[in-house]
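Tertiary structure, described
Chain by chain, the residues:
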Amino acid sequence: MRRVLAAGMMMTAVLWTASAAGQTPSTPQASTASTVKSWYIGANTGAAVVENFSAVVGAEGGKRFWKNLDLVGEIAWVQDGVSRRQLDKVDTLARSIADSQHGTASSDMRVPTLYGGLGGRWVLEQSGKFRPYFLVTIGAAKVNLKPTIGLNGTDVTSSAATYGVTLGQDVIGKYNHFATEGGIGVLMSFGEWYADGGARLLSISSDQRTNIARIVIGGGYTF
């Protein structure tokens, strides 16, 4: 997770430095027009990581509310938000079944996650063509716990109860949890279009907090 956040911060720093380096006394002053005229809508993709790297796609839209502040709504889908503790729980159950049957255990877990949130984005509009921003949203995450338990090479997840093992809410099922997200990034305007790159951290409150780091690459349209 630290590697993903570090990469996002480095990308932001590089873009910011590049914009500063490109501004010399002989160059005309960069436009100070707002990135967002009134509304904006965009999409993004990238990589997400908790324990494993996975794909992520998202969409967001918003309205310029006051000065450099945009009101923002976003939706993001993470292919796999599984944590090490969740993998360990399924592994423990698989080993319990294997021990009782004197067999060989295998296990895995996937946690597709859908997040929706509302919040704000502050854009540093006076920084030139590359315009850094800070974003915070609050909302809910729907997580889908999808374990796989194997016995001697056969998937016995659906029949775990016959081996005396109950799969509880900590390892299987769909649940909604309170979640927040914060991030930094850089916008680059191309007329009414813009490009967006940065890093975000989605924090989900369940039995134990799960933090999903992701790198964002995308763009959108302002109107």
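The paragraphs below set out a description of the structure included in this document. Small disclaimer: the values here were computed from a predicted structure and weren't measured. (Residues numbered from 1 in each chain as written. Predicted model: local features only at pLDDT ≥ 70, side-chain atom pairs only at ≥ 80, totals over all residues. Heavy atoms only, no water.)

1. Quick look at helix α2 (residues 84-101)
The α-helix advances 3.6 residues per turn, and as a result positions three or four apart in sequence lie on the same side. With 18 residues, α2 extends 26 Å between its outermost C-alpha atoms, agreeing within 8% with the 26 Å of an ideal straight helix rising 1.5 Å per residue. Residues of α2 that are buried: Q86, L87, V90, A94, I97 and A98. Burial along α2 is one-sided: seen end-on, the buried residues are contained in an arc of 105°. Exposed positions of α2 whose direction lies more than 90 degrees from the buried face are T92 and D99. Along its buried surface, α2 packs onto β4 (105-110) and β6 (130-151). (Helix = DSSP H or I, 4+ residues; strand = E, 2+ residues; numbered from the N terminus. Expected span 1.5 Å × (residues − 1). Buried < 20%, exposed > 50% of the residue type's maximum accessible area, 1.4 Å probe, protein only. Arc of directions from axis to C-beta. Contact = heavy atoms within 4.5 Å.)

2. Digging into the environment of D155
Considering the arrangement of structural elements, one finds D155 in strand β7 (residues 154-155). Measuring from C-alpha to C-alpha, the distance between D155 and S106 comes to 8.8 Å, with 49 residues separating the pair along the chain. D155 has contacts with T148, I149 and G150, leaving out every residue within four places of it along the chain. At a separation of 2.6 Å, a polar atom in the side chain of D155 contacts the side chain of T157. (Polar contact = N/O pair within 3.5 Å; in protein donor to acceptor, adjacent residues only side chain to side chain.)

3. Examining the pairing of strand β3 (residues 69-78)
Burial along β3 is one-sided: the face carrying D70, V72, E74, A76 and V78 is buried and the face carrying L69, L71, G73, I75 and W77 is not. With 10 bridges joining them, strand β2 (residues 53-66) and β3 adopt antiparallel strand pairing. Across the sheet, A59 pairs through a bridge with I75, a residue of β3. Counting the residues that bridge the hairpin from β2 to β3 gives 2 residues, and of these K67 lies at a positive phi of roughly 50°. Pairing of β3 with strand β5 (residues 113-123), which is carried by 10 bridges, proceeds in the antiparallel orientation. Residue pairing for β5: I75 is matched across the bridge by G116. (Pairing = 2+ DSSP bridges.)

4. Describing the side chain of Q86
As for its position among the elements, Q86 is in helix α2. If sequence neighbours within four positions are ignored, Q86 has contacts with G81, M109, V111 and L145.

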